[in-house]
Amino acid sequence: MCGIVGYTGKRGSVSTLLDGLARLEYRGYDSAGLAILETGQLKIVKSVGKVKNLEASVAEIWPDFENCIGTAGIAHTRWATHGAPTEANAHPHLDNSGKFAIVHNGIIDNYLDLRKHLQEQGCTFKSETDSEVLAHLISQCHEGDLMHAAAAACKKLKGTYGFAVICVDDPDTIVVARRGSPLVIGVGNNETLIASDIAAIAAYTKRVIFLNDDDLALITPDKIDIRNIENVPVSRETAKIDWDIAAAEKNGYEHFMLKEIFEQPDAVANTIRGRLDEAARTAILSGLDMTAAETASVSRIVIAACGTSMNAGMVGEYYFEDIAGIPAEVEQAAEFRYRNPIIEDRTLVLAISQSGETADTLAAVREAKNKGGIVAAINNVVGSTIARETGRGIYLHAGPEIGVASTKAFTCQVTALLLMALLFGRGRRVNRCEGKNLIDEIKSIPELIRKVLARSGEIERVAKKYAGAEDFFFIGRGCMYPSALEGALKLKEISYIHAEGYHAAELKHGPIALLEERVPVLALANDIPGRDKIFANIQECRARKSPVIATATEGDTQISEFTDDILWIPRCSRFAAPIPTVVALQLFAYYIAKERGCEIDQPRNLAKSVTVE
Ligand code: F6R
């Protein structure tokens, strides 16, 4: 989604802003812009398309921009919601006096009313965006104090925002405010930064302050003044982030997605590290902050998530029921909120989100808290809004995930869910011996992934063969069913091939009508319970002339009789199987997308973190 960066200090502000925007590119966007205050003037540059187009426009207007010190500046990458991706709609937006510039993330629900009202008072609008009302509102409310003006404007807004404003009257000052869209302040030495995402500023400082909803902050190079919307000072902790900036770069891989696929053995090892109690044959998940009595009292688990995180949650549903014997269900987070869900006091609501900022998942967390459930999260981004609002959960420690298509977050989420099922199961029906087996399986996951990665050349060869397909089906059963959904999601989002994930048994209830020789089927036929039935489903597909590719367990001598191509997966239990299998499907999607010349790290229309409903 949209990204914000701001800088005040003595470093070249234009190049710092451009660098910050480039680090936010992974989030997905369609235009970009920046505004800086230099020698009492507000300078603005915008462009449609990539940050490098903006850089070219900046260099044209401003040949010596690398040396431009400036004072304060704000910048933005926009992902169009209200109005097409044009220069006029790109941020920053100005008020009519040209003194105030704003950048905004989120959606102002009442912008039409505000716009009408402002127009009646003589304001002219230059864009179709909801955001522009903010520039005019702040300008109208300004009586010499920028923070007061921003707070007064906030009171008139309905909807969500994270915004930053600068004004020619306060050359080294930026005021920011947040409600619903993340904002973080980077504390430097005689310089201060702001961003919607720490990736933009982690190269400059490791000390950060996360703002809460309804916080405003006035920042200068050496001052950070945080207040609530009623102008009462509030104190927010300074946290230290452990992000290594190298981890947010490609390290020689052609794409972030490929780098992140190959990082999975280490990422999963980090999720597991320190969380296995071999003596007690259980998991240690202290972040859940639940006593043994509390875990034992949970009568039902409801998982709320979106996209890939929801697919991981569906694997978790099998784990909780099959291993721990706890009824579990997965809810699409957007639906959960509006469906008036039944949450008893012994229901554990588990929000799964890589970013911890997904608007629908956050709304589900708030709904569950209102209803009195026990709410916990599985997140990757430390200090994210969902992590802070739930206050308990499991961090993945997977490192930054930059590629828009989620890969290592999925495998780490599934691993975390298996750890949770072990912990909850040991308090119920999992005996010591079964506990030990599960621990051994969990410990083997990094190696299982390594073995799949070692076959990437074979997977690439198979993928290239099918790169011309325009439709694809992925089928699976048991916990390979959500794995099929995830395989189809990966393929469609990065290669733009129409791909559907189905339960293998469901195929004959409709979708089978679409099968023919141009529609390949990828069947998850690993040697785990349910394999015989998958074999029958494969035959149904072949009878309709669909080419069949299967994931199969190494050493399976039967499968090649039934299939055209095979992606080999090391032998493992049904609980571990989704992880190496999905890694093979990630590689399959990646190589197809590469063969088709797609923009793999930033697929069209997609954003890394979806902060609008
Ligand atoms: C797909 C993908 C999305 C996200 C979804 C939820 O590859 O990345 O489907 O999984 O937008 O995002 P998080 O996990 O950040 O809540």
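All values derive from a computational prediction rather than experimental measurement.

**Student:** Tell me about the overall build of the chain, and please be specific about residues and values.
**Tutor:** Tallying secondary structure elements over the chain gives 18 helices and 26 strands in all. With respect to the three principal axes, the spread of C-alpha positions in the chain is 75 × 55 × 45 Å. Contacts spanning at least 24 positions in sequence make up 71% of the contacts within the chain whose residues lie at least 6 apart. As displayed, the chain has an accessible area near 22600 Å², and 48% of this comes from carbon and sulfur atoms.

**Student:** Help me get a handle on the packing of aromatic side chains, residues and values and all.
**Tutor:** Between two aromatic rings, the relevant description is the distance of the centres plus the angle of the planes. With the rule as written, the count across this model stands at 10 aromatic pairs. Relative to Phe-588, the ring of Phe-472 has its centre 5.8 Å away and its plane inclined at 80 degrees; by these criteria the two rings are edge-to-face. One end of the pair, Phe-472, is in strand E22 (residues 471–476); the other, Phe-588, is in helix H18 (residues 578–595), and 116 residues separate them in sequence. In this structure, Phe-472 and Phe-588 share a single accessibility class: buried. Aromatic side chains Phe-535 and Phe-562 sit 4.8 Å apart centroid to centroid with 50 degrees between the ring planes, which places their arrangement in the tilted category. Linking Phe-535 in helix H17 (residues 531–543) with Phe-562 in the loop between strand E25 (548–553) and strand E26 (565–569), this pair joins segments that are 27 residues apart in sequence. Each member of the pair, Phe-535 as well as Phe-562, is classed as buried. Through successive ring pairs, a cluster of aromatic residues spans Tyr-466, Phe-472, Phe-474 and Phe-588.

**Student:** Mind laying out the pairing of strand E9 (residues 184–187), listing which residues take part and the relevant values?
**Tutor:** Neither face of E9 is left uncovered, since the one carrying Val-184 and Gly-186 and the one carrying Ile-185 and Val-187 both have all their residues buried. As paired elements, E9 and strand E10 (residues 191–195) share 4 bridges and run antiparallel to each other. Counted as the bridge partner of Gly-186 is Leu-193 from E10. As consecutive antiparallel partners, E9 and E10 are separated by 3 residues, and within that stretch Asn-190 has a phi angle of approximately 55 degrees, a positive value.

**Student:** Can you tell me about the pattern of salt bridges, naming the residues and giving the values?
**Tutor:** This model, assessed by the stated rule, comprises 37 salt bridges. Salt bridges here are not isolated pairs; linked through shared partners, they connect Arg-178, Asp-213, Arg-366 and Glu-389.

**Student:** Provide a residue-level description of the side chain of Thr-415, including the pertinent values.
**Tutor:** Note that Thr-415 resides in helix H13 (residues 408–426). Residue Thr-415 is classed as buried on the basis of its relative accessible area of 0%. Polar side-chain contacts of Thr-415 include one of 2.7 Å to the backbone oxygen of Thr-411. Leaving out residues up to four positions away in the same chain, Thr-415 has contacts with Val-268, Thr-271, Ile-272, Ile-445 and Ile-579.

**Student:** Explain the site of the ligand residue by residue, including any values.
**Tutor:** Around the ligand there are 13 residues in total, and Ser-309, Ser-353, Ser-355, Thr-358 and Glu-493 lie nearest to it. Side-chain polar atom of Thr-358 to an oxygen atom of the ligand: 2.5 Å apart, as the coordinates give it. In the model, an oxygen atom of the ligand is placed 3.0 Å from a nitrogen or oxygen of the Lys-490 side chain. With the chains in place, 90% of the 400 Å² that the ligand exposes on its own is no longer accessible. Of all the cavities here, the one that holds the ligand is the largest pocket. With 3 residues, helix H9 (residues 307–324) is the largest single contributor of residues to the shell around the ligand.

**Student:** An account of the sheet that holds strand E3 (residues 41–48) is needed here, citing residue identities and associated values.
**Tutor:** Sheet architecture is open: 8 strands sit in the order E3-E2-E4-E1-E10-E9-E11-E14, paired in antiparallel fashion. Two strands bound the open sheet, and with one partner strand each, they are E3 and strand E14 (239–240). By the bridge criterion, 8 bridges tie strand E2 (residues 31–38) to E3 in an arrangement that is antiparallel. Opposite Leu-34, over in E3, you have Val-45 as the bridge partner. Relative to E2, helix H1 (residues 13–23) is tilted by about 155 degrees, and along the sheet it contacts strand E1 (3–9), E2, strand E4 (72–78) and E10. Together, E2, E3 and E4 form the strand contacts of helix H2 (residues 51–61), whose direction differs from that of E3 by roughly 135 degrees.

**Student:** I'd like a description of the environment of Thr-563, backed by residues and values.
**Tutor:** Mapped onto the secondary structure, Thr-563 falls in the loop between E25 and E26. Judged by its relative accessible area of 9%, Thr-563 falls in the buried class. Sequence spacing of Thr-563 and Val-521 is 42 residues, and the spatial spacing of their C-alpha atoms is 9.9 Å. Within the structure, the side chain of Thr-563 is placed 3.1 Å from the backbone oxygen of Ile-559, a separation counted as a polar contact.

**Student:** Tell me about the sheet that holds strand E24 (residues 521–524), and please be specific about residues and values.
**Tutor:** A sheet is described by the order of its strands in space; here 5 strands give the open sequence E23-E22-E24-E25-E26, paired in parallel fashion. Two strands lie at the open edges of the sheet, namely strand E23 (498–503) and E26, each paired on one side alone. Along the sheet, successive strands turn relative to each other by an average axial angle of 20 degrees, direction set aside. The sheet contact formed by E22 and E23 spans 6 bridges and is parallel. Note on E23: the bridge partner recorded for Phe-473 is Glu-500. Its contacts with the sheet place H18 against E22, E24, E25 and E26, and it is angled at close to 135 degrees to E26.

**Student:** With reference to specific residues and values, describe unusual backbone geometry.
**Tutor:** Going from His-91 to Pro-92, the amide bond is cis rather than trans, its omega being 0 degrees. Looking at the element boundaries, Pro-92 is found in the loop between E4 and strand E5 (93–94). One non-glycine residue, Asn-190, adopts positive backbone phi at about 55 degrees. Position of Asn-190 among the secondary structure elements: in the loop between E9 and E10.

Calculation notes
- Residues numbered from 1 in each chain as written.
- Predicted model: local features only at pLDDT ≥ 70, side-chain atom pairs only at ≥ 80, totals over all residues.
- Heavy atoms only, no water.
- Helix = DSSP H or I, 4+ residues; strand = E, 2+ residues; numbered from the N terminus.
- Contact = heavy atoms within 4.5 Å.
- Areas by Shrake-Rupley, 256 points an atom, 1.4 Å probe, with all protein chains shown as cover.
- Phe/Tyr/Trp six-rings, centres within 6.5 Å; stacked < 30°, edge-to-face > 60°.
- Buried < 20%, exposed > 50% of the residue type's maximum accessible area, 1.4 Å probe, protein only.
- Pairing = 2+ DSSP bridges.
- Salt bridge = Lys/Arg side-chain N within 4 Å of Asp/Glu carboxyl O.
- Polar contact = N/O pair within 3.5 Å; in protein donor to acceptor, adjacent residues only side chain to side chain.
- Near = heavy atom within 4 Å.
- 1 Å grid on protein atoms, 1.4 Å probe; cavity = no way out; pocket = protein on both sides within 12 Å on 5 of 7 lines; lining within 4 Å.
- Sits in = over half its atoms within 2 Å of the grid points.
- Axes fitted to C-alpha atoms, helices over the stretch in contact; angles between N-to-C directions.

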